[in-house]
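Chain and residue survey
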Amino acid sequence: MPTMKPISAAELTSLRADVPAVACDTSCAIKRKTRTSDGYGTGTESFSTVATVNAGLKSPTARDLQAFAYLIGSLKAWIVHFPYGTDVRTQDHLVMGSDTLVVQANVSLSSYSSMTSVLAVEVS
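To keep things clear, this report deals only with the structure shown in the data block. This is a predicted model, so every value here is computed, not measured. (Residues numbered from 1 in each chain as written. Predicted model: local features only at pLDDT ≥ 70, side-chain atom pairs only at ≥ 80, totals over all residues. Heavy atoms only, no water.)

In this section: the side chain of histidine 81. You can see histidine 81 is positioned in strand S3 (residues 77-83). Within the structure, the side chain of histidine 81 is placed 2.6 Å from the side chain of serine 117, a separation counted as a polar contact. Beyond its immediate sequence surroundings of up to four residues, histidine 81 is in contact with Cys24, Asn54, Ala55, Gly56, Lys58, Met115, Thr116 and Ser117. (Helix = DSSP H or I, 4+ residues; strand = E, 2+ residues; numbered from the N terminus. Polar contact = N/O pair within 3.5 Å; in protein donor to acceptor, adjacent residues only side chain to side chain. Contact = heavy atoms within 4.5 Å.)

On to a nonpolar patch on the surface. A cluster of nonpolar side chains, contributed by Ile7, Leu15 and Tyr112, occupies part of the molecular surface with about 280 Å² of accessible area. As for its placement among the helices and strands, isoleucine 7 is situated in the segment before helix H1 (9-23). (Patch = residues over 30% accessible without salt bridge, like charges linked within 9 Å, V, L, I, M, F, W, Y side chains within 5 Å. Areas by Shrake-Rupley, 256 points an atom, 1.4 Å probe, with all protein chains shown as cover. Salt bridge = Lys/Arg side-chain N within 4 Å of Asp/Glu carboxyl O.)

Mapped onto the fold, proline 83 is located in strand S3. Between the C-alpha atoms of proline 83 and alanine 21, which are 62 residues apart in sequence, the distance is 8.1 Å.

Core analysis: the largest hydrophobic core is formed by 13 residues, its most contacted members being Cys28, Val80, Phe82, Val88, Leu94, Leu101 and Val118. The set of elements that each furnish at least two residues to this core consists of strand S1 (26-37), S3, strand S4 (93-96), strand S5 (99-106) and strand S6 (115-122). The biggest single contributor to this core is S3, with 3 residues. Those residues in contact with valine 80 that lie beyond four places of it in its chain are Ala55, Gly56, Leu57, Leu94, Leu101, Thr116, Ser117, Val118 and Ala120. One finds Ile72, Ile79, Ala105 and Val107 within the second-largest nonpolar core, a separate group that totals 9 residues. (Core = buried A, V, L, I, M, F, W, Y, C linked by side-chain atoms within 4.5 Å. Buried < 20%, exposed > 50% of the residue type's maximum accessible area, 1.4 Å probe, protein only.)

This part takes up the sheet that holds S5. Overall, antiparallel pairing links the 6 strands, which are arranged S1-S2-S3-S6-S5-S4 in a closed barrel. The average undirected angle you get between the axes of adjacent strands in this sheet is 45 degrees. Both S5 and S6 contribute to a ladder of 5 bridges, which runs antiparallel. The residue of S6 that forms the bridge with valine 102 is valine 121. (Pairing = 2+ DSSP bridges. Axes fitted to C-alpha atoms, helices over the stretch in contact; angles between N-to-C directions.)

Our focus in this paragraph is the pairing of S1. The two faces of the sheet receive side chains in turn, since in a regular strand these alternate between them. Where S1 lies against strand S2 (residues 43-58), 12 bridges are found, and the strand directions are antiparallel. Each bridged residue has a counterpart across the sheet, and for lysine 31 the counterpart in S2 is threonine 49. In sequence, S1 turns back onto S2 through a hairpin of 5 residues, with glycine 39 there showing a positive phi of about 85 degrees. Bridge count for S1 against S4 is 3 bridges, and the pairing is antiparallel. By the bridge assignment for S4, isoleucine 30 is matched with leucine 94.

Structure follows, in structure tokens:
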């Protein structure tokens with residue numbers, strides 16, 4: 001049986017540059033909840049854009065849906081891909097055109113991933 005050689009750091013860097021260029025074709029604003037103090041001990045929460053990057057969408061697999069059923073329930077879910085290293089966190093809002101998605105989980109495969117991938121659900 002042939003053995004697989006691990007990819008080199010240079011190959012991985014090349015993949016991380018090339019794959020998102022092909023797979024991420026939609027502009028996406030990543031918005032994160034921020035809290036602004038009102039001076040009375042309480043605050044106002046709002047979403048501020050932390051980055052605008054290209055992203056790609058794909059339908060989750062049956063395994064994804066089963067593994068994260070407790071998070072997504074009956075909501076429409078998507079796997080959203082970003083260039084590797086994109087700062088995207090749970091509960092961030094992803095605005096893609098007229099659609100808004102809420103990040104539920106990071107589903108990047110490993111340290112050898114060529115992209116950062118998250119599971120997100122549509123909000124109405």
